[in-house]
Amino acid sequence: MILWERPPAAIAVPSSLVAAISRSYKSINSMSEAKKLAAEKAIDYVEDGMIVGVGTGSTVAYFIDALAAWKHRIAGAVSSSEQSTARLKSHGIEVIDLNTAGPLQLYVDGADECDPHKRLIKGGGAALTREKIIAEASDKFVCIIDASKQVPVLGKFPLPIEVIPMARSLVARELLRMTGGQPVWREGVVTDNGNWVLDLHNLAITDPVGLERELNQIPGVVSVGLFARRPADVVIVGGEPPKVL
Ligand code: 5RP
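Predicted model only: the values in this text are computed from it and were never measured. (Residues numbered from 1 in each chain as written. Predicted model: local features only at pLDDT ≥ 70, side-chain atom pairs only at ≥ 80, totals over all residues. Heavy atoms only, no water.)

Engineer: Describe helix α7 (residues 208-216), with residues and values.
Structural biologist: Burial in α7 covers these residues: Pro208, Gly210, Leu211, Glu212 and Leu215. Buried residues along α7 sit in contact with α5 (128-136), β7 (159-163), α6 (168-179), β9 (196-201), β10 (221-224) and β11 (226-227). (Buried < 20%, exposed > 50% of the residue type's maximum accessible area, 1.4 Å probe, protein only. Helix = DSSP H or I, 4+ residues; strand = E, 2+ residues; numbered from the N terminus. Contact = heavy atoms within 4.5 Å.)

Next up, the structure:
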């Protein structure tokens, strides 16, 4: 039985709303498609016998899925988070401790923001400390992003800072004093290292290397989500075709 040939006026959806919904649906769709395309392009950097450093996040999840096809050709992976470890293991990829692996040839990870010098803000997924360690241990850091992550100046995305729990208020006061930015506690989030995260809002980071160095001096700061002293070496922006910077 047909109840309505078309919706009655009282519940009719304005065409502008339909257009807005369909626009945002398309852009969400294409953003995840862009992430997947960037992740798949990063496979070009994987070589036989490598131990691959693996980051964290939704873009990296696509990379791990693509890496699964290589699992018999690589020696394994070093993982930056429990989340990535679980996904790697679900594909049967061996996860190796960084101390056992030693220096790595390749690290692949996403980012929350990327400037024209390949300096990054990372830590939206609260895995910044292990990500920073693996990036430092790697010869080549390939960063995989969609175009929305590209910015002229870092800081629109709140800068994640991992802190020892007892130092949370001390660090927050220092961040405010030193930068004028607004620290916000990411309440309820505990990192894989058992620490907490402060997100520093309202920054325009004109000297990322200097800021990274300064913030690292605050007692209680475990790590700062600025990857400026050790930026990415290669940035892949997802698209058809992907752009390699
Ligand atoms: C996790 C990160 C991620 O790389 C960053 O948050 C980007 O995530 P996504 O790929 O889901 O957009 O730094 O700590």
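Engineer: Which residues make up the pairing of strand β3 (residues 104-109), and what are the values?
Structural biologist: The element β3 is largely enclosed, with a buried count of 5 among its 6 residues. Note that β3 and strand β6 (residues 138-145) share 5 bridges and pair parallel. Paired with leucine 104 across the two strands is serine 138, which belongs to β6. (Pairing = 2+ DSSP bridges.)

Engineer: How would you sum up the packing of helix α2 (residues 58-67) against helix α3 (residues 82-90)? Please name residues and give values.
Structural biologist: Put simply, α2 and α3 touch, their axes get as near as 9 Å, and they point 25° apart. Here α3 runs roughly parallel to α2, going by the angle between their axes. The two elements α2 and α3 cross, and the hand of that crossing is right-handed. Residues Val60, Ala61, Ile64, Asp65 and Leu67 of α2 lie in contact with α3, whose contacting residues are Ser84, Arg87 and Leu88. Considering only residue class, the contact of α2 with α3 consists of 5 nonpolar, 1 polar and 2 charged. (Axes fitted to C-alpha atoms, helices over the stretch in contact; angles between N-to-C directions. Parallel < 35°, antiparallel > 145°, perpendicular 65-115°, else oblique. Left-handed = near helix turned anticlockwise from the far one by under 90°. Nonpolar A, V, L, I, M, F, W, Y, C, P; charged D, E, K, R; others polar.)

Engineer: Kindly report on the nonpolar core, identifying the contributing residues and their values.
Structural biologist: Ranked by internal contacts, the top residues of the largest apolar core, which has 24 residues, are Val46, Val52, Val54, Phe63, Leu67, Val142 and Ile144. Looking at this core, the element that brings in the most residues is α2, giving 5 residues. By size, the runner-up hydrophobic cluster in this structure holds 20 residues, among which are Ala172, Leu175, Leu203 and Val221. (Core = buried A, V, L, I, M, F, W, Y, C linked by side-chain atoms within 4.5 Å.)

Treat this as a map of the structure, not an account of what it does.
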